[in-house]
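Architecture and fold: a report
Here is how the chains run, residue by residue.
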Amino acid sequence: MRNVCVLGIGQSVFGKFPERSVASLGCEAAIAALRDAGIEPRQLQVAYASRLYSEMITAQTILKDIGIVGIEMANVENACAGGATGVRQLWKDIAAGIADVGLALGVESMTTSPVAGKLIPPSEDDLEGQLGMAMPSVFALSARRLMETHGATIEDFALVSVKAHDSGLLNPNAQYRKKFTVEQVVNSRMISDPITLLQCCPNTDGAAAIILCSEEFARHYTARPVRITASVVLSGDYFYKKDDLTSFTFGHRAARRAYEMAGVDPLDLDLVEIHDAFASEEIIHYEDLELCPRGEGIALLRSGATSLGGRIPVNPSGGLLSLGHPLSASGVRNICEITLHLRGQAGERQTPNAKVGLAQMLGGSAAGLESGAAAVHILTT
(Lines give C-alpha, C1' and ligand atoms only; values in the text may rest on other atoms or scores of the structure.)
Protein backbone atom coordinates (compact mmCIF):
# COMPACT_ATOMS: atom_id res chain seq x y z
CA MET A 1 0.00 0.00 0.00
CA ARG A 2 1.30 3.44 -0.95
CA ASN A 3 1.21 6.56 1.20
CA VAL A 4 -1.68 8.87 0.26
CA CYS A 5 -1.34 12.66 0.46
CA VAL A 6 -3.78 15.55 0.42
CA LEU A 7 -2.70 17.81 -2.43
CA GLY A 8 -5.62 20.24 -2.70
CA ILE A 9 -8.74 21.28 -0.79
CA GLY A 10 -11.64 23.58 -1.57
CA GLN A 11 -15.18 24.40 -0.57
CA SER A 12 -17.99 26.80 -1.29
CA VAL A 13 -19.46 29.09 1.32
CA PHE A 14 -22.21 27.17 3.13
CA GLY A 15 -25.69 28.69 3.36
CA LYS A 16 -29.12 28.77 1.78
CA PHE A 17 -28.78 29.46 -1.95
CA PRO A 18 -31.97 28.37 -3.74
CA GLU A 19 -30.92 30.42 -6.75
CA ARG A 20 -27.71 28.37 -7.23
CA SER A 21 -27.54 25.04 -9.02
CA VAL A 22 -25.83 21.98 -7.61
CA ALA A 23 -23.41 22.17 -10.55
CA SER A 24 -22.34 25.73 -9.67
CA LEU A 25 -21.70 24.76 -6.04
CA GLY A 26 -19.75 21.65 -7.02
CA CYS A 27 -17.70 23.49 -9.65
CA GLU A 28 -16.78 26.19 -7.13
CA ALA A 29 -15.38 23.64 -4.69
CA ALA A 30 -13.61 21.58 -7.36
CA ILE A 31 -11.96 24.64 -8.94
CA ALA A 32 -10.80 25.81 -5.51
CA ALA A 33 -9.26 22.38 -4.83
CA LEU A 34 -7.47 22.35 -8.21
CA ARG A 35 -6.05 25.81 -7.59
CA ASP A 36 -4.93 24.83 -4.12
CA ALA A 37 -3.23 21.73 -5.53
CA GLY A 38 -1.58 23.66 -8.35
CA ILE A 39 -2.59 21.14 -11.01
CA GLU A 40 -4.70 21.19 -14.17
CA PRO A 41 -8.04 19.38 -14.57
CA ARG A 42 -6.53 17.16 -17.30
CA GLN A 43 -4.09 15.68 -14.77
CA LEU A 44 -6.84 13.99 -12.73
CA GLN A 45 -7.16 10.25 -13.33
CA VAL A 46 -10.28 9.37 -11.31
CA ALA A 47 -13.12 11.20 -9.57
CA TYR A 48 -15.82 10.36 -7.04
CA ALA A 49 -18.84 12.48 -6.20
CA SER A 50 -21.44 12.17 -3.48
CA ARG A 51 -24.89 13.72 -3.30
CA LEU A 52 -27.88 12.31 -1.42
CA TYR A 53 -30.63 14.14 -3.27
CA SER A 54 -29.39 13.78 -6.80
CA GLU A 55 -30.10 13.35 -10.43
CA MET A 56 -28.01 10.61 -11.99
CA ILE A 57 -24.27 10.86 -12.75
CA THR A 58 -23.52 13.74 -10.36
CA ALA A 59 -19.75 13.64 -10.94
CA GLN A 60 -20.03 13.61 -14.70
CA THR A 61 -22.65 16.36 -14.78
CA ILE A 62 -20.63 18.72 -12.57
CA LEU A 63 -17.04 18.03 -13.58
CA LYS A 64 -17.51 18.27 -17.35
CA ASP A 65 -18.16 21.99 -16.85
CA ILE A 66 -14.55 22.50 -15.75
CA GLY A 67 -12.94 20.28 -18.33
CA ILE A 68 -12.72 17.03 -16.38
CA VAL A 69 -13.85 14.38 -18.87
CA GLY A 70 -12.74 11.04 -20.25
CA ILE A 71 -11.68 9.56 -16.90
CA GLU A 72 -13.22 7.03 -14.55
CA MET A 73 -15.97 8.63 -12.46
CA ALA A 74 -18.24 7.03 -9.87
CA ASN A 75 -21.02 8.35 -7.64
CA VAL A 76 -21.41 7.44 -3.97
CA GLU A 77 -24.39 7.68 -1.61
CA ASN A 78 -23.97 6.88 2.09
CA ALA A 79 -26.27 9.43 3.78
CA CYS A 80 -24.28 12.06 5.73
CA ALA A 81 -21.18 9.87 5.42
CA GLY A 82 -21.39 9.89 1.62
CA GLY A 83 -18.70 12.50 1.03
CA ALA A 84 -16.31 10.81 3.46
CA THR A 85 -17.05 7.48 1.74
CA GLY A 86 -16.08 9.03 -1.58
CA VAL A 87 -12.77 10.10 -0.01
CA ARG A 88 -12.32 6.53 1.22
CA GLN A 89 -12.87 5.14 -2.30
CA LEU A 90 -10.34 7.58 -3.74
CA TRP A 91 -7.89 6.79 -0.94
CA LYS A 92 -8.09 3.09 -1.82
CA ASP A 93 -7.40 3.79 -5.49
CA ILE A 94 -4.31 5.85 -4.68
CA ALA A 95 -3.04 3.49 -1.96
CA ALA A 96 -3.44 0.46 -4.24
CA GLY A 97 -1.65 2.11 -7.17
CA ILE A 98 -4.72 2.16 -9.42
CA ALA A 99 -4.36 5.93 -9.81
CA ASP A 100 -1.78 8.54 -8.90
CA VAL A 101 -4.11 11.54 -8.44
CA GLY A 102 -7.85 12.04 -8.20
CA LEU A 103 -10.66 14.14 -6.79
CA ALA A 104 -13.49 13.49 -4.33
CA LEU A 105 -16.44 15.87 -4.21
CA GLY A 106 -19.42 16.18 -1.87
CA VAL A 107 -22.29 18.49 -2.77
CA GLU A 108 -25.85 19.14 -1.64
CA SER A 109 -28.61 21.67 -2.19
CA MET A 110 -30.99 21.10 0.68
CA THR A 111 -33.15 24.15 -0.15
CA THR A 112 -34.05 22.71 -3.56
CA SER A 113 -34.11 19.03 -2.53
CA PRO A 114 -37.27 16.91 -2.60
CA VAL A 115 -37.41 17.04 1.22
CA ALA A 116 -37.14 20.83 1.57
CA GLY A 117 -39.79 22.01 4.02
CA LYS A 118 -41.38 18.57 4.24
CA LEU A 119 -41.88 16.01 6.97
CA ILE A 120 -41.18 12.63 5.39
CA PRO A 121 -43.25 9.84 7.03
CA PRO A 122 -41.62 6.44 7.56
CA SER A 123 -42.51 3.60 5.21
CA GLU A 124 -44.94 0.92 6.36
CA ASP A 125 -42.18 -1.69 6.71
CA ASP A 126 -40.00 0.62 8.81
CA LEU A 127 -40.95 -0.56 12.30
CA GLU A 128 -38.47 1.68 14.08
CA GLY A 129 -39.67 4.71 12.14
CA GLN A 130 -43.32 3.88 12.86
CA LEU A 131 -42.43 3.76 16.56
CA GLY A 132 -40.94 7.25 16.38
CA MET A 133 -37.26 6.33 16.02
CA ALA A 134 -36.54 9.27 13.73
CA MET A 135 -34.25 12.24 14.01
CA PRO A 136 -34.13 14.17 16.28
CA SER A 137 -36.00 11.82 18.64
CA VAL A 138 -33.13 9.30 18.49
CA PHE A 139 -30.76 11.98 19.76
CA ALA A 140 -33.29 13.20 22.31
CA LEU A 141 -33.33 9.69 23.78
CA SER A 142 -29.53 9.68 23.88
CA ALA A 143 -29.50 13.11 25.50
CA ARG A 144 -31.95 11.99 28.19
CA ARG A 145 -29.80 8.96 28.85
CA LEU A 146 -26.72 11.19 29.22
CA MET A 147 -28.65 13.17 31.80
CA GLU A 148 -29.51 10.01 33.74
CA THR A 149 -26.16 8.21 33.55
CA HIS A 150 -23.57 10.99 33.13
CA GLY A 151 -25.10 13.83 35.12
CA ALA A 152 -25.50 15.95 31.99
CA THR A 153 -27.78 19.00 32.03
CA ILE A 154 -29.48 20.89 29.24
CA GLU A 155 -26.97 23.65 29.94
CA ASP A 156 -24.17 21.23 29.02
CA PHE A 157 -25.79 20.56 25.66
CA ALA A 158 -26.25 24.30 25.19
CA LEU A 159 -22.55 24.81 25.95
CA VAL A 160 -21.66 22.58 22.98
CA SER A 161 -23.71 24.86 20.72
CA VAL A 162 -22.19 28.01 22.22
CA LYS A 163 -18.71 26.56 21.67
CA ALA A 164 -19.51 25.71 18.06
CA HIS A 165 -20.85 29.16 17.27
CA ASP A 166 -17.85 30.83 18.94
CA SER A 167 -15.64 28.89 16.51
CA GLY A 168 -17.95 29.58 13.59
CA LEU A 169 -17.50 33.31 14.13
CA LEU A 170 -13.92 32.79 12.92
CA ASN A 171 -14.84 30.74 9.84
CA PRO A 172 -15.75 32.79 6.75
CA ASN A 173 -17.41 29.74 5.16
CA ALA A 174 -19.91 29.20 8.02
CA GLN A 175 -23.63 29.61 7.42
CA TYR A 176 -24.25 31.14 10.85
CA ARG A 177 -21.53 33.43 12.18
CA LYS A 178 -23.45 34.37 15.30
CA LYS A 179 -22.61 34.38 18.98
CA PHE A 180 -25.07 32.81 21.42
CA THR A 181 -25.27 32.43 25.18
CA VAL A 182 -26.17 29.28 27.06
CA GLU A 183 -29.43 30.95 28.09
CA GLN A 184 -30.36 31.73 24.48
CA VAL A 185 -29.75 28.14 23.42
CA VAL A 186 -31.72 26.69 26.34
CA ASN A 187 -34.64 29.07 25.77
CA SER A 188 -34.87 28.56 22.01
CA ARG A 189 -37.87 26.62 20.69
CA MET A 190 -38.15 23.05 21.97
CA ILE A 191 -37.82 20.50 19.16
CA SER A 192 -37.61 17.14 20.95
CA ASP A 193 -37.09 17.40 24.71
CA PRO A 194 -34.37 18.21 25.76
CA ILE A 195 -33.19 19.27 22.28
CA THR A 196 -33.96 22.90 21.44
CA LEU A 197 -33.72 24.63 18.07
CA LEU A 198 -30.23 26.05 18.65
CA GLN A 199 -28.96 22.56 19.49
CA CYS A 200 -29.81 21.42 15.94
CA CYS A 201 -27.71 21.88 12.82
CA PRO A 202 -29.39 23.78 9.96
CA ASN A 203 -30.06 22.27 6.54
CA THR A 204 -27.68 23.87 4.13
CA ASP A 205 -26.45 24.16 0.55
CA GLY A 206 -22.77 23.76 -0.23
CA ALA A 207 -19.93 21.70 -1.63
CA ALA A 208 -16.44 20.58 -0.66
CA ALA A 209 -13.70 18.91 -2.70
CA ILE A 210 -10.36 17.27 -2.02
CA ILE A 211 -7.54 16.09 -4.28
CA LEU A 212 -5.53 13.08 -3.15
CA CYS A 213 -2.37 11.73 -4.72
CA SER A 214 0.54 9.39 -4.18
CA GLU A 215 3.50 10.63 -2.19
CA GLU A 216 5.67 10.51 -5.32
CA PHE A 217 3.19 12.72 -7.20
CA ALA A 218 2.98 15.12 -4.24
CA ARG A 219 6.74 15.70 -4.22
CA HIS A 220 6.43 17.70 -7.45
CA TYR A 221 4.07 20.19 -5.80
CA THR A 222 4.83 20.42 -2.08
CA ALA A 223 7.72 19.78 0.30
CA ARG A 224 5.41 19.25 3.31
CA PRO A 225 2.49 17.05 2.31
CA VAL A 226 -0.36 16.15 4.67
CA ARG A 227 -0.91 12.39 4.67
CA ILE A 228 -4.05 10.34 5.26
CA THR A 229 -2.68 7.56 7.43
CA ALA A 230 -6.02 5.89 8.15
CA SER A 231 -9.27 5.67 6.18
CA VAL A 232 -12.09 3.53 7.57
CA VAL A 233 -15.79 3.15 6.74
CA LEU A 234 -17.93 0.67 8.71
CA SER A 235 -21.64 -0.13 8.73
CA GLY A 236 -23.93 -0.38 11.75
CA ASP A 237 -26.88 -2.49 12.84
CA TYR A 238 -30.52 -2.10 13.86
CA PHE A 239 -31.23 0.61 16.42
CA TYR A 240 -33.22 -1.78 18.60
CA LYS A 241 -30.08 -3.87 19.11
CA LYS A 242 -28.32 -1.02 20.89
CA ASP A 243 -27.36 -1.89 24.44
CA ASP A 244 -26.14 1.63 25.25
CA LEU A 245 -27.90 4.82 24.20
CA THR A 246 -24.79 6.82 25.03
CA SER A 247 -22.63 5.19 22.35
CA PHE A 248 -22.66 4.53 18.64
CA THR A 249 -20.86 1.20 18.72
CA PHE A 250 -20.06 1.14 15.01
CA GLY A 251 -18.55 4.62 15.35
CA HIS A 252 -16.34 3.41 18.18
CA ARG A 253 -15.26 0.37 16.15
CA ALA A 254 -14.39 2.57 13.18
CA ALA A 255 -12.29 4.85 15.37
CA ARG A 256 -10.48 1.95 17.02
CA ARG A 257 -9.65 0.47 13.61
CA ALA A 258 -8.42 3.86 12.37
CA TYR A 259 -6.09 4.28 15.36
CA GLU A 260 -4.62 0.86 14.69
CA MET A 261 -4.21 1.57 10.97
CA ALA A 262 -2.50 4.92 11.58
CA GLY A 263 -0.41 3.64 14.49
CA VAL A 264 -1.51 6.49 16.75
CA ASP A 265 -3.16 6.77 20.14
CA PRO A 266 -6.17 9.01 20.86
CA LEU A 267 -3.86 11.03 23.11
CA ASP A 268 -1.75 11.84 20.03
CA LEU A 269 -4.58 13.82 18.43
CA ASP A 270 -4.21 17.59 18.23
CA LEU A 271 -7.74 18.30 16.96
CA VAL A 272 -10.92 16.53 15.91
CA GLU A 273 -13.77 17.30 13.49
CA ILE A 274 -16.96 15.30 14.06
CA HIS A 275 -20.59 14.87 13.07
CA ASP A 276 -22.56 17.13 15.45
CA ALA A 277 -26.02 17.26 13.90
CA PHE A 278 -27.33 17.72 17.45
CA ALA A 279 -25.35 19.25 20.32
CA SER A 280 -25.65 16.31 22.72
CA GLU A 281 -24.22 14.01 20.03
CA GLU A 282 -20.81 15.65 20.35
CA ILE A 283 -20.45 14.43 23.93
CA ILE A 284 -21.18 10.85 22.85
CA HIS A 285 -18.42 11.06 20.27
CA TYR A 286 -15.91 12.24 22.88
CA GLU A 287 -16.20 8.84 24.48
CA ASP A 288 -16.58 6.77 21.29
CA LEU A 289 -13.42 8.36 19.89
CA GLU A 290 -11.66 7.70 23.22
CA LEU A 291 -10.86 11.35 23.82
CA CYS A 292 -11.68 10.54 27.45
CA PRO A 293 -12.65 7.43 29.44
CA ARG A 294 -16.25 6.20 29.39
CA GLY A 295 -18.45 8.31 31.57
CA GLU A 296 -16.18 11.37 31.50
CA GLY A 297 -17.47 13.16 28.41
CA ILE A 298 -19.33 15.80 30.41
CA ALA A 299 -16.26 16.52 32.51
CA LEU A 300 -14.17 16.86 29.35
CA LEU A 301 -16.62 19.42 27.94
CA ARG A 302 -16.84 21.41 31.16
CA SER A 303 -13.05 21.51 31.49
CA GLY A 304 -12.76 23.54 28.28
CA ALA A 305 -10.42 20.95 26.73
CA THR A 306 -12.54 20.69 23.57
CA SER A 307 -12.82 24.45 23.00
CA LEU A 308 -10.49 26.53 20.85
CA GLY A 309 -7.22 26.80 22.73
CA GLY A 310 -7.99 23.67 24.75
CA ARG A 311 -6.07 20.40 24.90
CA ILE A 312 -8.06 18.75 22.12
CA PRO A 313 -10.24 21.22 20.16
CA VAL A 314 -13.34 19.56 18.73
CA ASN A 315 -14.96 21.16 15.69
CA PRO A 316 -12.76 24.27 15.54
CA SER A 317 -14.46 24.91 12.19
CA GLY A 318 -17.76 25.56 13.96
CA GLY A 319 -19.03 22.09 13.13
CA LEU A 320 -22.40 21.32 11.60
CA LEU A 321 -24.07 23.48 14.24
CA SER A 322 -22.50 26.67 12.90
CA LEU A 323 -21.36 25.80 9.38
CA GLY A 324 -24.60 24.06 8.50
CA HIS A 325 -24.97 20.57 7.08
CA PRO A 326 -25.09 20.07 3.31
CA LEU A 327 -25.25 16.34 3.92
CA SER A 328 -22.85 14.80 1.42
CA ALA A 329 -20.47 17.78 1.53
CA SER A 330 -19.86 17.68 5.29
CA GLY A 331 -17.72 14.54 5.30
CA VAL A 332 -15.35 16.07 2.75
CA ARG A 333 -15.41 19.50 4.37
CA ASN A 334 -14.27 18.30 7.77
CA ILE A 335 -11.29 16.44 6.25
CA CYS A 336 -10.39 19.72 4.51
CA GLU A 337 -10.60 21.50 7.88
CA ILE A 338 -8.14 19.09 9.45
CA THR A 339 -5.81 19.67 6.50
CA LEU A 340 -5.91 23.44 7.03
CA HIS A 341 -4.79 23.06 10.65
CA LEU A 342 -2.02 20.59 9.80
CA ARG A 343 -0.76 23.06 7.19
CA GLY A 344 -1.00 25.95 9.66
CA GLN A 345 -3.51 27.75 7.41
CA ALA A 346 -6.62 27.89 9.63
CA GLY A 347 -6.29 31.56 10.52
CA GLU A 348 -7.79 32.75 13.80
CA ARG A 349 -9.08 29.28 14.64
CA GLN A 350 -5.69 27.60 14.08
CA THR A 351 -4.71 24.79 16.44
CA PRO A 352 -1.11 25.55 17.43
CA ASN A 353 1.55 23.09 16.21
CA ALA A 354 -1.06 20.63 14.91
CA LYS A 355 0.48 17.40 13.62
CA VAL A 356 -2.29 14.78 13.95
CA GLY A 357 -6.00 15.23 13.36
CA LEU A 358 -9.09 13.05 13.06
CA ALA A 359 -12.20 13.63 10.94
CA GLN A 360 -15.32 11.58 11.67
CA MET A 361 -18.71 11.46 10.00
CA LEU A 362 -21.81 9.36 10.68
CA GLY A 363 -24.58 8.70 8.19
CA GLY A 364 -27.96 7.11 8.69
CA SER A 365 -31.57 7.10 7.65
CA ALA A 366 -34.37 9.05 9.28
CA ALA A 367 -35.05 5.93 11.33
CA GLY A 368 -31.81 6.35 13.23
CA LEU A 369 -28.08 6.39 12.77
CA GLU A 370 -27.18 3.04 14.30
CA SER A 371 -28.09 1.26 11.04
CA GLY A 372 -25.95 3.63 9.00
CA ALA A 373 -22.27 4.23 8.25
CA ALA A 374 -19.31 5.58 10.21
CA ALA A 375 -16.32 7.12 8.42
CA VAL A 376 -13.07 7.99 10.20
CA HIS A 377 -9.96 9.53 8.65
CA ILE A 378 -6.72 10.28 10.45
CA LEU A 379 -4.35 12.83 8.93
CA THR A 380 -0.75 13.55 9.88
CA THR A 381 2.03 15.89 8.80
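Okay, so let's go over this structure. (Residues numbered from 1 in each chain as written. Predicted model: local features only at pLDDT ≥ 70, side-chain atom pairs only at ≥ 80, totals over all residues. Heavy atoms only, no water.)

**Overview of the overall build of the protein**
The helix and strand tally for the protein stands at 13 helices and 11 strands. For the protein, whose C-alpha radius of gyration is 19 Å, the value lies close to the compact-globule estimate of 21 Å for 381 residues. Seen along its three principal axes, the alpha-carbon backbone of the protein occupies a region of about 55 × 45 × 40 Å. For the protein, the proportion of its 381 residues judged to be buried stands at 59%. A fraction of 77% describes how many contacts in the protein between residues 6 or more apart in sequence connect residues 24 or more apart. For the protein, the accessible area works out to roughly 14800 Å², and carbon and sulfur atoms hold 52% of it. (Helix = DSSP H or I, 4+ residues; strand = E, 2+ residues; numbered from the N terminus. Rg over C-alpha atoms; globule rule 2.2 N^0.38 Å. Buried < 20%, exposed > 50% of the residue type's maximum accessible area, 1.4 Å probe, protein only. Contact = heavy atoms within 4.5 Å. Areas by Shrake-Rupley, 256 points an atom, 1.4 Å probe, with all protein chains shown as cover.)

**Digging into the pairing of strand β3 (residues 72-76)**
The side chains of a regular strand alternate between the sheet's two faces. Bridge count between strand β2 (residues 46-50) and β3: 5 bridges; the pairing is parallel. Considered in β3, the bridge of Y48 is made with A74. Handedness of the β-α-β unit built from β2, helix α2 (residues 58-63) and β3 comes out right-handed. (Pairing = 2+ DSSP bridges. Right-handed = clockwise from strand over helix to strand, strands pointing away.)

**Overview of the nonpolar core**
The biggest cluster of nonpolar side chains holds 48 residues, and the ones touching the most others in it are Y259, V272, L291 and I378. Among the elements that make up this core, the one with the highest residue count is helix α9 (residues 249-262) (6 residues). Not counting residues within four places of it along the chain, the set of residues in contact with Y259 comprises V264, D265, P266, L269, L289, L291, L358 and I378. Listed in part, the 32 residues of the second largest apolar core include L25, L44, A207 and A209. (Core = buried A, V, L, I, M, F, W, Y, C linked by side-chain atoms within 4.5 Å.)

**Focus on the state of the cysteines**
Summed over all chains, the structure comprises 0 disulfides. For C213, which is in no disulfide, the shortest distance to another cysteine sulfur is to C5 and amounts to 5.4 Å. With no disulfide partner, C336 has as its closest neighbouring cysteine sulfur the one in C213, 14 Å distant. We classify C336 as buried; its relative accessible area is 5%. (Disulfide = S-S within 2.5 Å.)

**A closer look at the pattern of salt bridges**
Side chains that differ in charge, positive against negative, can pair when their charged atoms come close. For the structure on display, the rule yields 15 salt bridges. Between D65 and K64 there is a salt bridge; the shortest N-O distance is 3.0 Å. Relative accessible area serves as the criterion here: at 46%, D65 is assigned to the partly exposed category. Under the relative-accessibility criterion, K64 is labelled partly exposed at 46%. Where D156 meets R302, a salt bridge forms, and the shortest distance between an N and an O atom there is 2.7 Å. (Salt bridge = Lys/Arg side-chain N within 4 Å of Asp/Glu carboxyl O.)

**Description of the packing of aromatic side chains**
Within this structure, the stated rule accounts for 4 aromatic pairs. Centre to centre, the rings of F139 and F248 are 6.0 Å apart; their planes meet at 50°, and the pair counts as tilted. Of this pair, F139 sits in helix α5 (residues 137-149) while F248 sits in the loop between β8 (226-235) and α9, placing them 109 residues apart in sequence. As far as burial versus exposure is concerned, F139 and F248 are alike and both buried. Aromatic pair F217 and Y221: ring centres 5.3 Å apart, planes at 25°, arrangement stacked. The class for F217 is buried, based on a relative accessible area of 16%. On the accessibility criterion, Y221 (33% relative accessible area) is partly exposed. (Phe/Tyr/Trp six-rings, centres within 6.5 Å; stacked < 30°, edge-to-face > 60°.)

**Things to note about unusual backbone geometry**
With omega at 10°, the peptide bond leading from D193 into P194 counts as cis. Of note, A79 is a non-glycine position whose phi angle comes to about 55°, a positive value. Mapped onto the secondary structure, A79 falls in the loop between β3 and α3 (82-96). Non-glycine residue N315 carries a positive phi angle of around 55°. Within the secondary structure, N315 is located in the loop between α11 (297-303) and α12 (319-323).

**Description of helix α6 (residues 154-168)**
Here α6 is 15 residues long and its end C-alpha atoms lie 21 Å apart, about the 21 Å a rise of 1.5 Å per residue gives. Across the 15 residues that make up α6, a large majority, 12, are buried. When we look at burial in α6, the residues that qualify are I154, D156, F157, A158, V160, S161, V162, K163, A164, H165, S167 and G168. (Expected span 1.5 Å × (residues − 1).)

**Some words on helix α1 (residues 22-37)**
The first and last C-alpha atoms of α1 sit 23 Å apart over 16 residues, in line with the 22 Å expected at 1.5 Å per residue. Among all positions in α1, only V22, A23, L25, G26, C27, A29, A30, A33, L34 and A37 are buried. Looking at the packing, one finds that the buried side of α1 touches β1 (4-11), α2, β4 (101-109) and β7 (205-214).

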